[in-house]
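Read off the chains here:
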Amino acid sequence: MATTNESFLSGFQVNRRLLAGGAVLTGIGAVLGAAGAAMVCAALATAGRSWVRSLETPPTALAQRALHEAKVASVAGWEAWRAEHGSPN
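Please read all numbers here as calculations on a predicted model, not as lab measurements.

Secondary structure summary: the protein chain contains three helices and zero strands in total. Of the regular secondary structure in the protein chain, the N- to C-terminal order runs α-α-α. With 89 residues in all, the protein chain has 0% of them scored as buried. Only carbon and sulfur atoms are counted for the fraction: they give 65% of the accessible area of the protein chain, which is about 8200 Å².

And the structure:
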């Protein structure tokens, strides 16, 4: 016995008022969730800024120092390798 889509779906009826109400509440929930997430991000950004201001050494100075130390270590390693393996020139 073959059934068509029309006869299969004929008994499926959606309460449109309930569906619309659910869609509205879902939209309101999404807006409230986005607003809450924005408030959390603002609070974390404010706390982060005040923490960075309270540091004795700014993060940029720490980064510059670390980069300088890495360059010095790289040059020292290259010179040690050249001393052991001979100059490529």
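Attention now goes to a nonpolar patch on the surface. On the surface, a cluster of nonpolar side chains totalling about 420 Å² of accessible area is made up of Val-24, Leu-25, Ile-28 and Leu-32. Within the fold, Leu-25 resides in helix α2 (residues 16–54).

The tally for this structure, following the rule as stated, stands at one aromatic pair. Note on Trp-78 and Trp-81: the rings are 5.4 Å apart at their centroids and 15 degrees apart in plane angle, and the pair reads as stacked. Here Trp-78 pairs with Trp-81, and both are found in helix α3 (residues 59–85), just three residues apart, close to one helical turn. For Trp-81, a relative accessible area of 43% translates into the label partly exposed.

Turning our attention to the confidence of the model for the protein chain. Mean pLDDT for the protein chain: 90, with 87% of residues reaching 70 or above. When mean pLDDT is taken per element in the protein chain, α2 scores highest with 97 and helix α1 (residues 5–9) scores lowest with 61.

Analysis parameters
Residues numbered from 1 in each chain as written. Predicted model: local features only at pLDDT ≥ 70, side-chain atom pairs only at ≥ 80, totals over all residues. Heavy atoms only, no water. Helix = DSSP H or I, 4+ residues; strand = E, 2+ residues; numbered from the N terminus. Buried < 20%, exposed > 50% of the residue type's maximum accessible area, 1.4 Å probe, protein only. Areas by Shrake-Rupley, 256 points an atom, 1.4 Å probe, with all protein chains shown as cover. Patch = residues over 30% accessible without salt bridge, like charges linked within 9 Å, V, L, I, M, F, W, Y side chains within 5 Å. Salt bridge = Lys/Arg side-chain N within 4 Å of Asp/Glu carboxyl O. Phe/Tyr/Trp six-rings, centres within 6.5 Å; stacked < 30°, edge-to-face > 60°. pLDDT = per-residue confidence, 0-100.

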